[in-house]
Amino acid sequence: MQKISLKTIVVATSLALFGSSSIAQQNRVPKLPILRGNPALQVQGEYVDEMVANFIAAHHLPGLTMAIVQAPYIPRSAGYGKANIDLDELASTKTMWNIGPITQAFTAIAIMQLKEQSKLGLTDAIGEHVDGLPPAWQHITIKQLMQHSSGIADYRSQLDNARRYNPRELIALVANKPLQFRSGTDVRMSATDATLLALAVEQASGMSYHDFVWKYQIDLEGLQSTMFASDFAKLAKSDRPDAHPNDNQHSKFKSEVPYINPVEPATGYVEKGESLSPVAVEASENLFGFGDLWSSAEDISKWDIGLAGTTLIHAGEDHDLLYLPTKLDNGKVVSAMIGWEFTHHPGFMEIKGDSPGFSSYLSRFTMADELVCVTLLSNKQGVDLTVLARDIAAAYQASLGPNIDQQQIVAQESKFGVAETVARIKADLTKAKVPVFSVIDHSENATRVGKQLRPTTVISFGNPKVGTKLMLQNQAIGLELPLHALVWEDEKGRTWIGYPRLDKLADRYGIKDLTTIDAMTGFMDHLVAQAANVYTY
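The model shown is predicted, which means the values in this text are computed figures rather than measured ones. (Residues numbered from 1 in each chain as written. Predicted model: local features only at pLDDT ≥ 70, side-chain atom pairs only at ≥ 80, totals over all residues. Heavy atoms only, no water.)

Colleague: Explain the side chain of Asn379 residue by residue, including any values.
Modeller: Here Asn379 is to be found in the loop between β17 (372–378) and α12 (386–396). The class for Asn379 is buried, based on a relative accessible area of 0%. A polar atom in the side chain of Asn379 sits 3.2 Å from the backbone oxygen of Lys82. Every residue in contact with Asn379, bar those within four places of it in the chain, is listed here: Pro62, Gly63, Lys82, Ala83, Asn84, Trp97, Ala266, Thr267, Gly268, Tyr269, Gly357 and Phe358. (Helix = DSSP H or I, 4+ residues; strand = E, 2+ residues; numbered from the N terminus. Buried < 20%, exposed > 50% of the residue type's maximum accessible area, 1.4 Å probe, protein only. Polar contact = N/O pair within 3.5 Å; in protein donor to acceptor, adjacent residues only side chain to side chain. Contact = heavy atoms within 4.5 Å.)

Colleague: Before we move on, could you go through the pattern of salt bridges and cite the residues and values that matter?
Modeller: Tallied over the entire structure, the rule returns 17 salt bridges. The residue Asp304 makes a salt bridge to Arg364 at a minimum N-O spacing of 2.5 Å. Remark: Arg364 occurs in strand β16 (residues 358–365) and Asp304 occurs in helix α10 (residues 297–307); sequence separation between them is 60 residues. Each member of the pair Asp304 and Arg364 is classed as buried. The partner of Lys352 in a salt bridge is Glu350, and the shortest N-O contact between them spans 3.2 Å. For the pair formed by Lys352 and Glu350, the shared burial category is buried. Here the residues in one salt-bridge network are Glu350, Lys352 and Lys415, joined through shared partners. (Salt bridge = Lys/Arg side-chain N within 4 Å of Asp/Glu carboxyl O.)

Colleague: Help me get a handle on a nonpolar patch on the surface, residues and values and all.
Modeller: Where nonpolar side chains cluster on the molecular surface, the patch consists of Phe253, Val257 and Ile260 and spans about 300 Å² of accessible area. Within the secondary structure layout, Ile260 lies in the loop between α9 (232–235) and β8 (268–272). (Patch = residues over 30% accessible without salt bridge, like charges linked within 9 Å, V, L, I, M, F, W, Y side chains within 5 Å. Areas by Shrake-Rupley, 256 points an atom, 1.4 Å probe, with all protein chains shown as cover.)

Colleague: Which residues make up the pairing of strand β9 (residues 275–279), and what values do they have?
Modeller: One ladder, built from five bridges, connects β8 with β9; its direction is antiparallel. Pairing of Lys272 across the sheet is with Ser275, part of β9. What sits between the antiparallel neighbours β8 and β9 is a turn of two residues, in which Gly273 has the positive phi angle 65 degrees. (Pairing = 2+ DSSP bridges.)

Colleague: Please set out the packing of aromatic side chains residue by residue, giving values where relevant.
Modeller: Per the stated rule, a full pass over the model turns up nine aromatic pairs. Ring geometry for Phe106 against Trp303: centres 4.1 Å apart, planes inclined by 5 degrees, an arrangement best described as stacked. With Phe106 in helix α4 (residues 103–116) and Trp303 in helix α10, this pair connects stretches of sequence that are 197 residues apart. Trp303 sits in the buried class, given a relative accessible area of 0%. (Phe/Tyr/Trp six-rings, centres within 6.5 Å; stacked < 30°, edge-to-face > 60°.)

Colleague: Any chance you could break down the packing of helix α15 (residues 464–471) against helix α17 (residues 514–532) for me, citing the residues and the numbers?
Modeller: Here α15 crosses α17 at 145 degrees, and the two axes come no closer than 11 Å. For α15 against α17, the interelement crossing comes out left-handed. Here Val466, Lys469 and Leu470 of α15 lie close against α17, whose contacting residues are Thr516, Ile517 and Met520. Taken together, the residues that form the contact of α15 with α17 break down as four nonpolar, one polar and one charged. (Axes fitted to C-alpha atoms, helices over the stretch in contact; angles between N-to-C directions. Left-handed = near helix turned anticlockwise from the far one by under 90°. Nonpolar A, V, L, I, M, F, W, Y, C, P; charged D, E, K, R; others polar.)

Colleague: Outline the sheet that holds strand β7 (residues 227–228), listing residues and values.
Modeller: Spatial ordering of the open sheet is given by β6-β10-β7, a layout of three strands whose pairing is antiparallel. The open sheet has two edge strands, β6 (97–98) and β7, and neither has a second partner. Note that β7 and strand β10 (residues 293–295) share two bridges and pair antiparallel. Paired with Phe228 across the strands is Leu293, a residue of β10.

Colleague: Lay out helix α11 (residues 316–323) in plain terms, naming residues and giving numbers.
Modeller: Listing the buried residues of α11 in full gives Asp318, His319, Leu322 and Tyr323. Burial along α11 is one-sided: seen end-on, the buried residues are contained in an arc of 115 degrees. (Arc of directions from axis to C-beta.)

Colleague: For the packing of α4 against α11, give the residues involved together with the corresponding values.
Modeller: Across the interface, α4 lies against α11 with an axial gap of 11 Å and an inter-helix angle of 155 degrees. For the element pair α4 / α11, the angle class is roughly antiparallel. Relative to α11, the crossing made by α4 is right-handed. Contact with α4, carried on its side by Ala108, Ile109, Met112, Lys115 and Glu116, involves Asp318, Leu321, Leu322 and Tyr323 of α11 and no other residues of that element. (Parallel < 35°, antiparallel > 145°, perpendicular 65-115°, else oblique.)

Colleague: Can you lay out the sheet that holds strand β18 (residues 409–413) for me, pointing to particular residues and giving the numbers?
Modeller: With respect to topology, five strands assemble into an open sheet ordered β18-β22-β21-β20-β19, the strand pairing being antiparallel. Here the strands that pair on one side only, and so sit at the sheet edges, are β18 and β19 (436–441). Geometrically, the sheet is characterised by an average inter-axis angle of 20 degrees between neighbouring strands, direction not taken into account. Pairing of β18 with strand β22 (residues 495–500), which is carried by five bridges, proceeds in the antiparallel orientation. In the sheet register, Val410 faces β22, and the bridge partner there is Tyr499.

Colleague: Tell me about the environment of Glu282, residues and numbers included.
Modeller: Position of Glu282 among the secondary structure elements: in the loop between β9 and β10. What makes Glu282 partly exposed here is its relative accessible area of 38%. In the structure, Glu282 is positioned 120 residues away from Ala162 in sequence and 9.1 Å away in space, judged by C-alpha atoms.

Colleague: Which residues make up the nonpolar core, and what values do they have?
Modeller: Membership of the largest hydrophobic core comes to 84 residues, with the highest contact counts inside it found for Phe106, Ile126, Met146, Trp303, Leu322 and Trp340. The dominant element in this core, judged by the number of residues it contributes, is helix α7 (residues 191–205), at nine residues. Residues within four places of Trp340 in sequence aside, it is in contact with Ala105, Leu307, Leu322, Tyr323, Ser335, Met349, Glu350, Ile351, Leu362, Arg364 and Tyr535. Counting residues in hydrophobic clusters, the runner-up holds 29 residues, among them Met51, Val374, Leu376 and Tyr396. (Core = buried A, V, L, I, M, F, W, Y, C linked by side-chain atoms within 4.5 Å.)

Colleague: Requested: an account of unusual backbone geometry, with residues and values cited.
Modeller: Note that the residue after Ala71, namely Pro72, is joined by a cis bond; omega there is 5 degrees. Within the secondary structure, Pro72 is located in the loop between β3 (63–70) and β4 (73–84). The step from Leu481 to Pro482 runs through a cis peptide bond, and the omega angle for that step is 0 degrees. Not every positive phi belongs to a glycine, and His60 is a case in point at roughly 55 degrees. Relative to the elements of secondary structure, His60 occurs in the loop between α3 (48–59) and β3. Backbone geometry at His148 places phi at a positive 60 degrees, although glycine is not the residue there. Structurally, His148 is set in the loop between α5 (142–147) and α6 (167–172). For His148, a relative accessible area of 0% corresponds to the buried category.

Spelled out as structure tokens, the structure:
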């Protein structure tokens, strides 16, 4: 009788339980020194929670929620402030916010899914899928609508949010307006483009836009805190009794599990004077296919992870069409596609904007050695979350940011090179009738003395009336005036626009007129946003 060793029994048992491939794979897997973020979660000595708290205070936000991806994980998800300022509802990980223009990214995925199902083509004319359109619109292609190169006017400026419009009524708001430019030659964001795409989804699929997105994205990715306003009555878990004197309003969580950390919608607000006015939930329905989805930051992050693989879109060329700069019919390459914008940081993309009562932002760093994504959602309209999101990303991996002290300098990456960015700033200042006092090209000056310096330009400008007002409080602040912006190219080839934090200057010089400082900060933020972005926000 052959003697069998204990080792043979153990190996045989392991093969029976796990299979030989498991052991072979286990033996082949190397242990890689992969660093997944900075556990301190700080940049330039400032922690993420400090960044968010300071931002909320500076912009007077009711609430904000954040989620951070380091694919395939969501290591950080948090709520700050209130989802409703009149009720004891805190912003939580499952709170739903209207995600505004991020919705159009869901619409684009729906279009690509129908393409992969051979139910429509990107070169199809929209008139093949949506009937009754103005003659000038009928030959505009699906791809041109996705590029926002249609030239069709944006109906948002015509909306009365006290009314409820169906999709056809939205189209009718701008149906008699001429094209803003010849289709396929320029780019301008238009909610009308996304609404037309959503109607094309309905015709090509034989399903409502709601049901198609639900089946092929929300349900597919298991997004439990993502829905439309029409779903709230059935699926949201708001515990809002008519009266709760001297007591916490919440009681259902004590006996009903779905009300523990519930899926409930935030209330959106718009600033009117020094107060915030609530916006009706139904206002989001006026942005059909462009801004009518509601979600949590955590769900958006989960959906975002799905964008990296093949669970939503299968073919690589279809991924590339959505997530890389696009070429227009006239050969012009534009660093944007269906709401996404792309900078010179390899693999970086962002989508953002606002909607009635809300502001939203999503960034993706898609290179294999990064895979960091930041989602920020707030229930105040008209708030630019771009700089905060980039600073948060830098707290996870310093190389994702501008490598400056963000507590002293506000910096945003431009989608354009230095020369074009400078030209855009000058053009915007001219349009605003703000005098430009000087443009100093430091790299040109360096060349004159035999040195090499990456493109670095300072633009000085301002309103003497405002500057004088500050100097009457402290003449020493004249060292910082007029206002100036620095545009530079870093060692990675990225173009940044930076300007001094004016609140810090006010502190340094003892300036008490914070109303003027806030107005100047708002002007600078707007100027930088106009110059740095393809789309106008």
